[in-house]
Amino acid sequence: MPSYTLTINAVKRTVSADPDTPLLWILRDTLGLTGTKYGCGKGICGTCTVHYNGNAVRSCALPITSVLEGNIVTIEGLSEKGNHSVQQAWMKLDVPQCGYCQSGQIMAAADLLSKNENPTDKDINVAMQGVLCRCGTYSRIRKAIHLAANKQNK
Amino acid sequence: MKSTLDRRTFVKLTASASGALIAGVYLQSCESEMIPAAIHEFSPLIKIDTDGWVTLIAKNPEIGQGIKTALPMIIAEELGADWDKVKVVQGDFDEAYEEQWAGGSYAIVLNWDLMRTAAAKVRHVLLQAASKKMNKKVSELSTIKGKVLHSKSGEAMPFETLLHEASKLPLPEEVEFKPTDSFEIVGKNTSQVDLQQLVTGKTKFSIDVKLPEMVYATVLKNPVFEGGVGSFDDTEARMVNGVIDIVELDNTAYGGRLLGANSPNFVNGIAVLANSTWSAFQGARKLEVVWDTSGTRKENTDGIFERFHSQLTNTTIERKDGDIHRARKAEASNFEAVYQVPFLAHIPMEPMNCTVDFRADLCEVWAPTQNPKALQEGLIKLFGLKPEQIKIHLPRIGGAFGRRYYVDYAMDTAILSKKIGKPVKLTWTREEDIQHDWYRPASVQKMVASLDESGMVTGWQHILANASRKTCLGREGRPAGTEIDEYEFPAGFVPDLQFEYGHVMSDVPLGQWRAVGLSATVFAIHSFLSELAILHNMDPIDYFLKFLGPARMVPVVGDYEFDAGRLIEVVQKVRHNSNWDIPLPKGQGRGFAATKLSGSFVAEVVTVSVDENENVTILRVDAVVDCGIVVNPSGAKAQVEGGILEGLSAALYGEVTVKNGAAEQSNFHDYRWIRMDEVPEIHVEFVANNLPPRGLGEPPLPPAAPALANAIFAASGKRIRKLPIL
Ligand code: FES
Ligand code: FES
């Protein structure tokens, strides 16, 4: 099997894998970064969302060979101490229910706020619509994104 | 502080069934910290450390319902602990804990007294010890924030100073509970205990378990319900990098389709073992299988519903009050309507998975299960193990909704681990999850009402026909009390009343889905009541209140009475909160529904707009809930919002259809669920009272669908009698 070097959470990691292996499984099974979750494997649920070169992407739909050039950030690397404004807002509002989709939600929300300091409800709909929450935490997610935006802008 | 507690090794001196006093000493494993200390284990659930930290065991499976926070809150309250110095640890499966399962919204109902009793016993010995040391009367002492307080003098002693004395005292048999008006922890918004871990991705769900030497696996099952494996060619699958082995799973070699009366065994198929999940998935895709479908019914959805319809006239009577035929003759008019609901999948975000390390001496399991006892019984049945040879860990679960009441996926895993002699983590694909669910039963329901001149109901007939979750898997016989039973609303409210059940045998695997039977019956009951109101030009809420009559206890079955007053209160409150009596612009409408479930009362109003193309937008939902004391308002509100969104999602989109004996849906593209852009504003109010807390996971769900259908009628004049709507 060929080996590849990836930059994940600012650390270079070398792994051997088949070229079509999705990033999701490299993260979870090979590197033990299990904060990124499997939900559908088809790019439909957003549970596996990570950042690639500063954009939210679905790690289940990206073969390892497509993410060799840039920086990958997972939930484990979003902030050093769990103190990203989105994570703080999530804690303040006690957002998760089962919690399984929440890494994906947080990564999608962080991406939104990095590009749009003050998103409207419509912006939130567009950015978050791809991340399914089976438990129905959407109302708190919306509030938490507004809260994080207010904090960031202060 | 918390971390030092982790590093200490605790040595138990004695074991205890429930509530017996145990004092423990432990060895320091952290060299830098040489101060001798002791953890005192007062009960299986409560340990107090000499540094003042209280460790509480969260014994029930956490599926997102917040129980890992709520049960310890109850203990901490009764104990008088300081919540900021409480450490919560998830318990493994252990018979000593009692009632260790998640289902029927019963966790709080069953554990309220259990948790309070356990804590009150420990409080009792702490008070006794303090009384001695302080030389004060026990009756003048109380516990608060981790201290025993003598309020007259202001003198206080922290728990940790009383441990030595207290642990010598016997726990009392009888205890008195704290008055509810003195609560400090219960009733306060409390962030869930795993919050920090969850937002940083550190929580280990079952699907995240990794053990040394562990092999990864997945399964491919016969898509045709009740089929088997005919023959298969695994040449290509074995050529996939990382594939280790391919194993056929045949339940006939493991006791057949059932583990217990209401506990299905695994579905026949083929497992692929590999050195990563991805390789296992790839291997499964390369399998060439000829499935055996002999002896299966090869059903289609249309045919199933036709059979339901024809069973409406071939029923058993589940309840009979008075004589509906007398009512029918005497009354001014009769009205009937037929409603239909589909099969539904559970689709928890964490797909089915399990990890088993089947060793010679111990079968160790990490399972996302709502029902560890059924898992234990399954392993006993399949492998002839003794209970002491089984250890079940209960990691946090990524949603359950009833699916994980069944333990089929754990049986698969145990077989594989035993066979290969290594730990195995089995992960189902989402496709397998949707195609091999235990679906919410579809049903057809016929409602007939006899009405007097004023339009009020004097006769009520509710006939439900379906395939039952108690007879699927070839279990013949009359399934008593499954989808409609003698407790159904409005039993006790109408003099001439009859409930009937028409039973159909089917291969479709069926199970409990959040709110179980009421997820279907409340849709028919409340759609029908609103239809009756409109038929008589009455406001649906006015009509319903008139239907309920005065606030009183209504006898239903035996000692069981329905408190009409509590239902009336939530209805009146939701009427007010939703601005029900203020007219809406054209194209908008409000719908109402209510229910009682697991001891809780819920009333909901849904507001929608419907455009010329019949596009429905849900604008707002109002819910008022009376579940008695609200243990954790933050978690409780989340449960209500989640239940409402689940009810709305299912009503709008939820549907599994069957073709040639197999489910037609396979992933989130064809099993649609509500997304951020479709979520309405949701307003939730809890009725404040001091009644014992009741269930909350399920009660908010059933009214959502009929309230939505009634709102669509109000907005557009279009009556929905068949779900899903879109
Ligand atoms: S797992 Fe990647 S989008 Fe669902
Ligand atoms: S919190 Fe459970 S799926 Fe989102």
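As annotated in an unreviewed UniProt entry, chain B carries the name Xanthine dehydrogenase family protein molybdopterin-binding subunit and comes from Ulvibacterium marinum.

Under an unreviewed UniProt entry, the name given to chain A is (2Fe-2S)-binding protein, and the organism recorded is Ulvibacterium marinum.

### What about the overall build of chain A?
For chain A, the helix and strand inventory stands at five helices and five strands. Taken from N to C terminus, the helices and strands of chain A fall in the order β-β-α-β-β-β-α-α-α-α. Taking 15 Å as the expected radius of gyration for a compact globule of 154 residues, we find that chain A reaches 15 Å, a close match to that expectation. Its C-alpha atoms put chain A at 45 × 30 × 25 Å along the principal axes. When burial is assessed residue by residue, chain A has 60% of its 154 residues classed as buried.

### Some points on the UniProt feature "domain: Aldehyde oxidase/xanthine dehydrogenase a/b hammerhead" (unreviewed entry) in chain B
If you check UniProt for "domain: Aldehyde oxidase/xanthine dehydrogenase a/b hammerhead" (unreviewed entry), the listed places come out as residues 200-295 of chain B in our numbering. The annotated region residues 200-295 of chain B carries 14% helix and 38% strand content, and the separation between its end C-alpha atoms amounts to 50 Å.

### Here we look at the interface of chain B and chain A
The partner chain A presents 52 residues to the 61 residues of chain B that form the contact. Taking both sides of the interface into account, the surface hidden between chain B and chain A amounts to around 4,600 Å²; carbon and sulfur atoms contribute 55%. For the interface between chain B and chain A, the tally reads four salt bridges. Counting across the interface, chain B meets chain A through 26 residue pairs in polar contact (both at pLDDT 80 or more). Listed by contribution, the elements that provide at least two residues to the side of chain B that touches chain A are α5 (195-199), α7 (277-285), β22 (424-427), α12 (430-435) and α16 (633-652) of chain B. With eight residues, α16 of chain B is the largest single contributor of residues to the side of chain B that touches chain A. Residues of the side of chain B that touches chain A, tallied by class, amount to 26 nonpolar, 22 polar and 13 charged.

### A short note on helix α15 (residues 564-577) of chain B
All names here are of chain B. The terminal C-alpha atoms of α15 lie 20 Å apart, and with 14 residues this matches the ideal 20 Å at 1.5 Å per residue to within 8%. Every buried residue belonging to α15 is among A564, G565, R566, L567, I568, V570, V571, V574 and R575, and all of these are buried. Residues of α15 that are buried in the fold lie against α14 (540-548), β26 (553-557), β27 (560-563), β28 (588-597), β29 (600-610) and β30 (616-626). Two to three positions downstream of the cap, the backbone nitrogen of G565 sits 3.1 Å from a side-chain oxygen, assigning the N-cap of α15 to D563.

### Some points on the packing of α14 of chain B against α15 of chain B
All names here are of chain B. Axis separation between α14 and α15 bottoms out at 11 Å; the angle between their running directions is 170°. On the basis of the axis angle, α14 is roughly antiparallel to α15. Crossing geometry of α14 relative to α15 is assigned as left-handed. Here I541, D542, F544, L545 and L548 of α14 come into contact with α15, specifically with L567, I568, V571, Q572 and R575.

### Remarks on the sheet that holds strand β12 (residues 243-249) of chain B
Note on sheets: strands pair through backbone hydrogen bonds, and any given pair is parallel or antiparallel. All names here are of chain B. Read across the open sheet, the seven strands follow the order β12-β15-β10-β22-β19-β20-β21; overall the sheet is mixed. Only two strands of the sheet have a single partner each, and these edge strands are β12 and β21 (390-393). Taking each pair of neighbouring strands and ignoring which way they run, the sheet shows an average axis angle of 20°. With four bridges joining them, strand β20 (residues 363-366) and β21 adopt parallel strand pairing. Residue pairing across strands places V365 opposite I392, the latter belonging to β21. Strand contacts of helix α11 (residues 408-420): β10 (215-221), β12, β15 (269-274), β19 (353-358) and β22, with the helix running at about 35° to β19, the strand carrying the most contacts.

### Quick notes on the pattern of salt bridges
Residue and element names in this part refer to chain B. Here the structure, examined in full by the defined rule, presents 46 salt bridges over all chains. When the shortest N-O distance is used, the salt bridge between R469 and E483 registers 3.5 Å. With R469 in the loop between β24 (457-467) and β25 (496-504) and E483 in the loop between β24 and β25, the pair connects residues that are 14 residues apart, well separated along the chain. By relative accessible area, R469 is classed as buried at 8%. Linking R620 and D622 is a salt bridge whose minimum nitrogen-to-oxygen distance equals 2.8 Å.

### Side note on the domain arrangement of chain A
Residue and element names in this part refer to chain A. If you check the domain split of chain A, you get domain 1 (3-77) and domain 2 (85-152). Summarising the inter-unit geometry, the C-alpha centres of domain 1 and domain 2 are found 21 Å apart. Contact with domain 1, which involves 17 residues of that partner, is made by 14 residues of domain 2. Regarding the contact of domain 1 and domain 2, the summed buried area is about 1,200 Å², with carbon and sulfur atoms giving 56% of it. Of all residues in domain 1, the largest losses of buried area upon contact with domain 2 belong to T47, H51 and I75, amounting jointly to 37% of the total for that side. Between the two partners, domain 1 and domain 2, sit zero salt bridges. Applying the counting rule to domain 1 against domain 2 returns eight residue pairs in polar contact (both at pLDDT 80 or more).

### Notes on the domain arrangement of chain B
All names here are of chain B. Split into domains, chain B comes out as domain 1 (7-181), domain 2 (206-295 + 346-435) and domain 3 (539-726). Taking only C-alpha atoms, the centre of domain 2 and the centre of domain 3 are 37 Å apart. Taken together, the 10 residues of domain 2 in the interface contact 13 residues of domain 3. Here domain 2 and domain 3 share an interface that buries about 1,000 Å² over both sides, 67% of which is from carbon and sulfur atoms. Its residues placed into classes, the side of domain 2 that touches domain 3 shows seven nonpolar, one polar and two charged.

### Observations regarding the pairing of strand β9 (residues 155-158) of chain B
For a regular strand, side chains alternate in direction, first toward one face of the sheet and then toward the other. Residues and elements named next belong to chain B. For strand β8 (residues 147-150) and β9, the ladder comprises four bridges, and the chain directions are antiparallel. Across the sheet, residue H150 finds its bridge partner in β9, namely E155. In this antiparallel pair of consecutive strands, β8 and β9, the connection spans four residues, and G154 shows a positive phi of 80°.

### Comments concerning the sheet that holds β9 of chain B
Residues and elements named next belong to chain B. Pairing in this open sheet of three strands is antiparallel, and the strands run β7-β8-β9 from one edge to the other. Looking along the sheet, the strands with just one partner apiece sit at the ends: β7 (141-144) and β9. The average undirected angle you get between the axes of adjacent strands in this sheet is 25°. With respect to the sheet, helix α3 (residues 107-134) is in contact with β7, β8 and β9, its orientation differing from that of β7 by roughly 120°.

### Observations regarding unusual backbone geometry
Residue and element names in this part refer to chain B. In this chain, F489 is followed by P490 through a cis amide linkage whose omega measures 5°. Locating P490 in the fold gives a position in the loop between β24 and β25. A cis amide bond, omega 0°, links L723 with the succeeding residue P724. Here P724 shows up in the segment after α17 (704-716).

### Observations regarding the packing of helix α5 (residues 138-153) of chain A against α16 of chain B
Running from N to C, α5 of chain A and α16 of chain B point in directions that differ by 120°, and their axes come no closer than 9 Å. With respect to α16 of chain B, the axis of α5 of chain A lies oblique. Residues Y138, S139, R140 and K143 of chain A of α5 of chain A touch α16 of chain B, and the partners they reach there are S634, K637, A638, E641 and L645 of chain B. Split by residue class, the contact of α5 of chain A with α16 of chain B holds three nonpolar, two polar and four charged.

### Remarks on the state of the cysteines
A complete count under the given rule lists zero disulfides over all chains for this structure. Free of any disulfide, C627 of chain B has its nearest cysteine sulfur in C135 of chain A, 19 Å distant.

### Quick look at the packing of aromatic side chains
Residues and elements named next belong to chain B. With the rule as written, the count across this model stands at 28 aromatic pairs over all chains. With 6.2 Å between their ring centres and 75° between their planes, W112 and F183 make a pair best called edge-to-face. Here W112 is found in helix α3, whereas its partner F183 is found in the loop between α4 (163-166) and α5, with 71 residues between them in sequence. Each member of the pair W112 and F183 is classed as buried. Ring centres 6.0 Å apart and planes at 55° place the aromatic pair Y406 and W438 in the tilted group.

Cut-offs applied
Residues numbered from 1 in each chain as written. Chains lettered and ligands numbered in written order. Predicted model: local features only at pLDDT ≥ 70, side-chain atom pairs only at ≥ 80, totals over all residues. Heavy atoms only, no water. Helix = DSSP H or I, 4+ residues; strand = E, 2+ residues; numbered from the N terminus. Rg over C-alpha atoms; globule rule 2.2 N^0.38 Å. Buried < 20%, exposed > 50% of the residue type's maximum accessible area, 1.4 Å probe, protein only. UniProt positions renumbered as here; feature names shortened; annotations may be inferred. Contact = heavy atoms within 4.5 Å. Buried area = accessible area lost by both parts, 1.4 Å probe. Salt bridge = Lys/Arg side-chain N within 4 Å of Asp/Glu carboxyl O. Polar contact = N/O pair within 3.5 Å; in protein donor to acceptor, adjacent residues only side chain to side chain. Nonpolar A, V, L, I, M, F, W, Y, C, P; charged D, E, K, R; others polar. Expected span 1.5 Å × (residues − 1). Axes fitted to C-alpha atoms, helices over the stretch in contact; angles between N-to-C directions. Parallel < 35°, antiparallel > 145°, perpendicular 65-115°, else oblique. Left-handed = near helix turned anticlockwise from the far one by under 90°. Pairing = 2+ DSSP bridges. Domains from an automatic or database assignment. Disulfide = S-S within 2.5 Å. Phe/Tyr/Trp six-rings, centres within 6.5 Å; stacked < 30°, edge-to-face > 60°.

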